[in-house]
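Descriptive analysis of the structure
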Amino acid sequence: LASRSFKKEDTVIKVRENIFIGGNQFVVMAGPCSIESFENTEEIARAVKASGASILRGGAFKPRTSPYAFQGMGLEGLKIMREDADKYDLAVVSEIMSEDMIEAFEPYVDIYQLGARNMQNFHLLKQLGARTKKPILLKRGLSSTIEEWLMSAEYIMASGNENVILCERGIRTFEKYTRNTLDISAVLAVKELSHLPVIIDPSHAAGKYSMIEKLSMASYAVGADGLIVEVHPDPEHALSDGAQSLKLEKFDHMMQELTKLSKVL
Ligand code: PEP
Ligand code: MN
């Protein structure tokens, strides 16, 4: 179902009125790594909307490496996100970690995020495919091949939901300078092998805020359908992933550079 040989034309996924992923648009999802409070989320939502993002990202259920690290605000975080996103007319994308939460997520999210660590949680893939019609943002696993990633998309699609958006977020290599190695050619590989849209997450790939703007421009140039980027007004005090989060002004600058690029190309 996911393969280009099965369907020739590019799939365009409707998130809601006026927000489509795939085709000619370049969609930007932005927000904090973790939802921290109503006020913090509101400040971010207002800023990213003004800079041109159309979807608010944010984690309420966090897959943290350490069990002692901040685990997210849970359902309360999802409610905050929905309210702040509605205020600024943004759609919502947030990560789900367990099938028990599918119905609880449904009123709050426009896109379900399936995180890198769960890319091969086949039970969760099947349950999401069967129990929601909303789009699913499928992140590439930390050490997964492109074929394995597309097979995970296939699980969701074969279970009944064909609205899958792929997300390249960097993979593990021997290189330690960046958090992960952004596999930019994965976009080209996906475009050859599949009709599904593919976006890039430069934040989790680089792990460093200083690299985000240029990697975003490279994502546009290589033909990705959009970006998901971490943004925070005070990264030094962010509850997670501050080192890779852009300050609001830096995000705005990045969006201006992307707009210039789109006029040149
Ligand atoms: C995230 O987007 O906050 C996240 C945890 O990403 P990944 O699953 O790519 O590590
Ligand atoms: Mn993060």
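**Some words on the coordination of the manganese ion (ligand 2)**
Distances from the manganese ion (ligand 2) to its protein donors, C33 (SG), H204 (NE2), E230 (OE) and D241 (OD), fall at 2.0 to 2.3 Å. Here the donor residues of the manganese ion (ligand 2) share one chain and are spaced in sequence as C-x170-H-x25-E-x10-D. Linking C33 in the loop between strand 3 (27–31) and helix 1 (38–51) with D241 in the loop between strand 10 (226–230) and helix 9 (248–264), this pair joins segments that are 208 residues apart in sequence. With a relative accessible area of 4%, C33 lands in the buried category.

**Quick look at the confidence of the model for the protein chain**
In the predicted model, the protein chain carries a mean pLDDT of 97, and 100% of its residues have values of at least 70. Across the protein chain, the secondary-structure element scoring lowest on mean pLDDT is helix 9, at 93, and the one scoring highest is strand 8 (residues 164–168), at 99.

**Here we look at the pairing of strand 1 (residues 13–16)**
Bridge analysis of strand 1 against strand 2 (residues 19–21) gives three bridges, and the strand direction is antiparallel. The partner of I13 across the bridge, within strand 2, is I21. Turn length for the strand 1-strand 2 hairpin, with the two strands adjacent in sequence and antiparallel, is two residues, and the turn residue N18 shows positive phi of about 70°.

**So, the packing of helix 8 (residues 212–222) against helix 9**
Direction vectors running N to C along helix 8 and helix 9 enclose 30°, while the axes themselves pass 10 Å from each other. Judged by the inter-axis angle, helix 8 sits roughly parallel to helix 9. You can see that helix 8 and helix 9 cross each other, and the crossing is right-handed. Here helix 8 contributes I212, E213, S216, M217 and Y220 to the contact with helix 9, which in turn contributes H253, M254, E257, L258, L261 and S262. A per-class count over the contact of helix 8 with helix 9 returns six nonpolar, three polar and two charged.

Rules and cut-offs
Residues numbered from 1 in each chain as written. Chains lettered and ligands numbered in written order. Predicted model: local features only at pLDDT ≥ 70, side-chain atom pairs only at ≥ 80, totals over all residues. Heavy atoms only, no water. Donors = N, O, S within 2.8 Å, 3.2 Å for Na, K, Ca; no water. Helix = DSSP H or I, 4+ residues; strand = E, 2+ residues; numbered from the N terminus. Buried < 20%, exposed > 50% of the residue type's maximum accessible area, 1.4 Å probe, protein only. pLDDT = per-residue confidence, 0-100. Pairing = 2+ DSSP bridges. Axes fitted to C-alpha atoms, helices over the stretch in contact; angles between N-to-C directions. Parallel < 35°, antiparallel > 145°, perpendicular 65-115°, else oblique. Left-handed = near helix turned anticlockwise from the far one by under 90°. Contact = heavy atoms within 4.5 Å. Nonpolar A, V, L, I, M, F, W, Y, C, P; charged D, E, K, R; others polar.

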